[in-house]
Amino acid sequence: MSWLLPLTVFLPWLGAGIVLAAGRAARLRTVLAVTFAAADAVLAILLIPLASSRAGFSLTIGGAFGELSLLPDGFGVFLAAVAAVIGGLAVVFSVDYMRGEEGQGRYYALVLFFIGAMVGLVLSSNLLMVVVFWEITALCSWALISFHNDDPKAVAGGIKALIVTGLGGVGLLAGSLAIYAQDGSFDIPTFMARANSFPPQLLALIGFGFLAAAAAKSAQFPFQTWLPDAMEAPTPISALIHAATMVNAGVYLLARFFPAFNPVPGWSLSVVAVGVVSAFIAATMAAVANDLKRVLAWSTVSQLGFMVYAIGTGAIFQSQFHLLSHSVFKALLFLGAGAVIHSLGTRDMRSMGGLSRKMPLTCAVFVVGALALAGIPPVNGFWSKEMVLESGLQHGPFWAYVVMLVTVGLTALYTLRCVWMVFFAPAEDRHAHEAGPAMKAALIPLAIGSLVTWMLAGPFKDLLLRTLPLHFPGSPGEGSGLAATWAIAAEVLTAPSTWLALGVVAVGAALWAARAPFTKLGGGLRPVRRVAEAGYGFEAINRGIVKAVQETGEGLRVTQSGLLNWNVAAIVMAVIVVLCAVWLVGGQGG
Amino acid sequence: MSVWPHWVWMIALPIVTSPFVYLLGRLFQRARDASELHRARTPWRANPVRWVSLAIMLVSCVPFAAAWRDLAAGETLKLTVGIIALKFDGISLLLSAAVLALGVLVSLFSGPYIGHESGQEKYHALLNAMIGAMLGLGCAADLFNLWVWFETAAIASYMLVAYHSDRPASLEAGMKYLVQNSVGSMLVLIGIGLVFSQTGILNLAELRIAVAAGTASRPLLLAAGTLFCVGFGVKIAMVPMHTWLPDAHSQAPSGISAMLSGVVIETGLVALLRSLSVIANITSAWGAILLGFGAVNMIVGNLLALRQTQVKRLLAFSSLTHVGYMLLGLGFAVSFGQAAGAQGGVFHLLTHAAMKGLAFLAAGSLLFALRLSHGDSGPLETADLAGAARRYPVTAFALTIALLGLGGLPPLGGFMSKWQIFAAGVQAGSPVAIVLVIFAVLNSLLSLGYYAPLVSMLYRTTPSQVVIAGARVPVGMTVPLVLLAVVVVAFGVWPALANGLTVPAGSVVMALFSRQGGM
């Protein structure tokens with residue numbers, strides 16, 4: 001079985017190369033892309049029963065490069081399956097969405113390249129490999145965001161994503177190297193076992209470095225500015241990379257390294273704070289956005305905030321379960337939005353409306369996704385969100401729980417607003433065609449998934465308990481299968497926090513539905529709205545940094561004077577400077 | 001013939017044959033000119049000088065391979081003629097590998113690139129001579145020898161930079177390069193003089209022992225070391241001695257730009273290491289100097305490249321940054337005794353030679369197809385690259401691989417060599433080293449700010465005017481691109497491939513700067 005692991009990682013890469021080689025043969029390219037993506041989805045699902053807590057594959061490179069080792073534990077096989085399956089569905093959706101566009105070979109090759117890298121990222125048990133795959137996903141994300149290279153907004157969005165996630169990536173890189181310097185090895189299980197023997201300051205630095213990397217990748221505070229601009233990407237990419245897979249990498253990183261960094265004072269509290277702040281401010285920005293994809297982007301940031309919050313309170317299983325639900329329903333929402341955008345040609349919700357009759361299937365699946373996002377039973381989002389909240393109430397700070405509860409209400413508000421504006425608001429008659437067959441083929445399984453994935457709670461919990469002894473000490477016990485799921489479901493239904501949350505959801509929805517009397521109040525809140533729309537000043541900070549760097553570069557141009565005398569004078573001055581430096585540094589000894 | 005060891009032929013062959021290469025090319029050209037006087041139109045035939053020079057380069061690889069085999073088997077490869085000493089060790093191995101590989105590919109590339117220009121026989125002859133001189137420098141084991149090879153390579157490169165002597169910009173670039181490099185060479189010569197005046201010895205190995213004996217005046221030796229740093233630093237393009245580089249690299253024919261950025265700079269680095277090693281024992285400052293220059297080079301190179309709109313100038317400034325990474329790696333090795341730093345620094349030498357060589361050759365292919373083949377001698381602007389990927393898919397993909405590799409993105413070679421350097425820095429444990437590593441990583445990220453837009457430009461759907469009117473790229477230029485791209489990807493996917501070159505070179509560097517005598 002050990003060959004199955006590298007095959008799942010590298011088969012899509014092989015597919016990418018073959019798709020590129022197919023050149024201009026459009027039909028062949030599409031068939032190849034779908035075949036490879038589907039094959040990888042099958043392989044990833046096949047990995048699940050083979051999950052274990054021991055490394056399945058290992059290839060030594062040596063020296064400062066460690067080894068390529070793949071470990072199929074609970075986190076790994078679960079996220080690999082999510083990445084591969086949703087990747088496959090996104091590829092199928094793209095068959096209709098990207099029809100007739102230029103550069104499809106490049107598109108499909110990059111998507112396949114990404115899927116392989118994502119699978120490799122979550123299955124790697126070697127820090128160098130984690131960094132390599134992490135950066136490759138960033139590369140693919142950049143290339144796909146700026147896919148329409150002629151559009152300056154897309155190019156700018158791509159570079160912003162690359163740089164902002166890269167800034168966080170510094171933390172991952174430095175932390176990984178620090179672990180290597182201390183441990184002499186890049187092996188993750190080795191580090192996890194010996195983490196408590198690290199010097200406390202070093203461990204804290206590594207822990208916060210990893211937190212920065214995770215926050216940047218998952219578009220959490222203070223790195224949240226790149227995700228809405230990444231919406232310039234074709235919508236299947238937004239669904240795959242920026243909702244269901246790559247942005248989960250940060251959550252995955254925090255979950256995997258949680259036992260090592262939890263003892264660091266202030267670390268879990270920082271994680272909670274990052275999650276809570278992100279969830280709240282993103283929800284407010286989703287409530288004022290008019291671009292359909294921006295609403296969904298901010299809602300992704302917000303839901304990721306829930307997952308990060310859950311990890312901060314120690315609820316690893318709950319966070320991963322919400323990750324599963326979110327991947328499915330957010331991909332569903334994005335692909336549904338893609339169908340709408342493809343049909344209407346615009347992303348502005350103010351020019352939408354009345355689509356419930358023209359695009360009934362799209363409307364139906366979108367509503368299912370919206371119910372999941374808002375957290376209404378029996379859709380999967382309800383169960384996972386309630387579990388996060390419940391655990392947060394029990395183990396986390398109370399102020400965090402209150403803010404999250406308010407965020408739940410806000411989520412219901414902006415979700416209802418979005419659904420209303422797109423599908424149900426009265427609008428003049430305009431042409432809109434229903435989603436094509438390939439789009440439907442991707443949407444329907446996701447809708448079904450949103451309705452049923454919560455039933456996997458029991459087997460999923462068992463998988464995690466079985467393969468991750470460090471994260472879940474103690475024996476599985478409760479048994480696997482649907483019986484465990486019913487037990488978990490019963491627990492959720494009888495918890496008081498569930499009913500409290502449902503109440504808040506109802507309040508949030510009601511606030512939107514009955515908003516007419518509140519418009520005066522809304523007028524008073526206009527300055528707040530403007531601040532929210534401007535991203536709470538973070539966009540200004542980004543622009544300021546870019547401007548400062550460019551102006552410094554521009555200012556340095558005087559050094560390239562073109563005057564030979566000055567150039568030679570610089571050489572002579574360098575002699576003097578170096579001479580002084582040598583005297584100062586060298587001192588008298590040797 | 002049997003008096004000389006076989007590896008010396010690697011150096012001798014390109015140099016000794018270069019006048020004959022020139023003669024051959026000249027004779028062919030004269031014959032063509034004469035026949036054109038008699039007949040109105042003679043069909044154009046390629047000057048065979050390009051094949052002859054390529055063949056000589058390929059033949060020179062044979063003694064190199066033999067030397068590699070012998071070195072790996074543990075033999076000592078030395079030759080001493082009077083006071084001239086040559087030695088083939090790990091550093092020579094790595095430098096020769098880079099010079100020969102890039103030299104062969106540039107030779108192949110240059111055939112069609114300057115194939116329609118007059119004076120191409122000079123180009124090929126000088127290219128061979130420059131390569132031979134660099135190979136000699138790699139093997140130099142005494143200071144005099146080192147300086148002579150250094151000057152020879154420099155003189156050949158001055159003429160190659162100013163090859164397009166009908167263009168004022170080329171002449172200006174060549175002139176500035178000549179003057180500044182001569183200043184640098186003069187400083188080195190004064191430094192050598194200082195060392196000689198104190199010890200009376202020029203042989204590197206013997207010098208180390210003599211200096212360690214402690215009878216020489218320490219201040220004078222420190223002054224000599226300073227002069228070596230700055231003198232060779234001009235060639236290595238350390239800031240602030242770098243000002244010749246953007247002009248020279250952008251005005252030179254693209255094959256020469258590739259050589260300059262790819263190996264000539266690195267040759268200067270090797271020369272610096274060899275000469276500094278003599279006085280390594282007397283102070284710990286050299287490591288700090290290397291680290292300081294490395295840090296400054298990285299940020300200045302990045303900031304200056306950020307605002308460039310000419311492709312070759314952008315690539316030239318980015319060479320400053322990559323020299324910075326190499327200096328950082330070597331600085332970690334010298335200051336903190338980190339062997340991984342030495343290996344990483346020389347590994348980056350290899351990957352940079354491959355990536356920057358690839359970038360310049362790809363940019364050169366586009367420059368040729370879009371401008372030169374129409375007689376337009378203007379520079380290649382970033383706006384010219386718009387939509388180039390549709391007409392020139394292979395060239396654009398090769399340029400993409402080069403640019404993303406230079407930006408340090410996996411799975412390409414640049415990431416792996418930078419990783420090794422950063423690992424060395426963190427392993428050193430000192431706070432200064434860790435701050436430098438984080439600074440270097442941030443610089444790597446900043447560099448993406450100018451590489452990524454170039455790649456985006458390539459893959460636009462609306463092509464620029466010059467792309468629409470562009471000519472074909474000859475096969476002779478595409479083959480080196482493909483080969484270099486494969487090398488860049490191979491180093492990125494399996495960095496251990498370079499171990500055969502980087503480990504010996506790294507251990508030589510460590511031995512050169514170890515605080516005991518020896519070497």
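Here's what I pulled together on the structure shown here. This is a predicted model, so every value here is computed, not measured. (Residues numbered from 1 in each chain as written. Chains lettered and ligands numbered in written order. Predicted model: local features only at pLDDT ≥ 70, side-chain atom pairs only at ≥ 80, totals over all residues. Heavy atoms only, no water.)

1. Observations concerning the environment of A:Asn380
Residue and element names in this part refer to chain A.
Move 1: With respect to the helices and strands, Asn-380 occurs in helix H17 (residues 380–395).
Move 2: The sequence separation of Asn-380 and Leu-324 amounts to 56 residues, and the corresponding C-alpha distance is 9.0 Å.
Move 3: When residues no more than four places from it in sequence are discounted, the contact partners of Asn-380 are Ser-325, Val-328, Phe-329, Ala-372, Gly-449, Ser-450, Thr-453 and Trp-454. (Helix = DSSP H or I, 4+ residues; strand = E, 2+ residues; numbered from the N terminus. Contact = heavy atoms within 4.5 Å.)

2. Quick word on the nonpolar core
Move 1: With 404 residues, the main nonpolar core has A:Phe191 and B:Phe88 as its most contacted residues.
Move 2: In terms of residue count, helix H13 (residues 339–370) of chain B provides more of this core than any other element does, 19 residues in total.
Move 3: Beyond its immediate stretch of four places on either side in the chain, B:Phe88 contacts B:Trp7, B:Met10, B:Phe64, B:Ala67, B:Trp68, B:Leu71, B:Leu77, B:Leu93, B:Ser96 and B:Cys139.
Move 4: If you look at the next biggest cluster of nonpolar residues, it comprises 19 residues, including A:Tyr401, A:Ala412, A:Ala501 and A:Val505. (Core = buried A, V, L, I, M, F, W, Y, C linked by side-chain atoms within 4.5 Å. Buried < 20%, exposed > 50% of the residue type's maximum accessible area, 1.4 Å probe, protein only.)

3. As for the packing of aromatic side chains
Move 1: In the structure shown here, the tally under the stated rule is 37 aromatic pairs over all chains.
Move 2: Judged by centre distance (5.1 Å) and plane angle (85°), the rings of B:Tyr158 and B:Tyr177 are edge-to-face. Within this pair, whereas B:Tyr158 is found in helix H5 (residues 143–161), its partner B:Tyr177 is found in helix H6 (residues 168–199), the two being separated by 19 residues in sequence. B:Tyr177 matches B:Tyr158 in its accessibility class, with the two residues each being buried.
Move 3: Between B:Phe332 and B:Phe336, the ring centres sit 6.3 Å apart and the planes meet at 40°, which makes this aromatic pair tilted. Pair noted here: B:Phe332 and B:Phe336 are both in helix H12 (residues 311–336), with a separation of four residues, about one helical turn.
Move 4: In textbook terms, an aromatic cluster arises when at least three aromatic residues are bridged by ring pairs, as seen for A:Phe191, A:Phe198, A:Phe210, A:Phe257, A:Phe258, A:Phe261 and A:Trp267.
Move 5: For the cation-ring pair, A:Lys385 lies above A:Phe306, with the distance from its terminal atom to the ring centre recorded as 5.3 Å.
Move 6: In this structure, B:Lys235 packs its charged tip against the face of B:Phe150, placed 4.9 Å from the ring centre. (Phe/Tyr/Trp six-rings, centres within 6.5 Å; stacked < 30°, edge-to-face > 60°. Lys NZ or Arg CZ within 6 Å of the ring centre and 35° of its normal.)

4. What about unusual backbone geometry?
Move 1: A cis geometry characterises the amide bond from B:Val239 onward to B:Pro240, with omega recorded as 5°.
Move 2: Residue position: B:Pro240 is located in the loop between helix H8 (218–236) and helix H9 (244–251).
Move 3: Non-glycine residue A:Ala219 carries a positive phi angle of around 55°.
Move 4: Position of A:Ala219 among the secondary structure elements: in the loop between helix H8 (200–217) and helix H9 (226–229).

5. Re a nonpolar patch on the surface
Residue and element names in this part refer to chain A.
Move 1: Side chains of Phe-280, Leu-393, Phe-398, Val-402 and Val-406 sit close together on the surface and give an oily, nonpolar patch of about 420 Å² of accessible area.
Move 2: Here the nonpolar patch gets three residues from one element, more than from any other, and that element is helix H18 (residues 398–424).
Move 3: Within the secondary structure layout, Phe-398 lies in helix H18. (Patch = residues over 30% accessible without salt bridge, like charges linked within 9 Å, V, L, I, M, F, W, Y side chains within 5 Å. Areas by Shrake-Rupley, 256 points an atom, 1.4 Å probe, with all protein chains shown as cover. Salt bridge = Lys/Arg side-chain N within 4 Å of Asp/Glu carboxyl O.)

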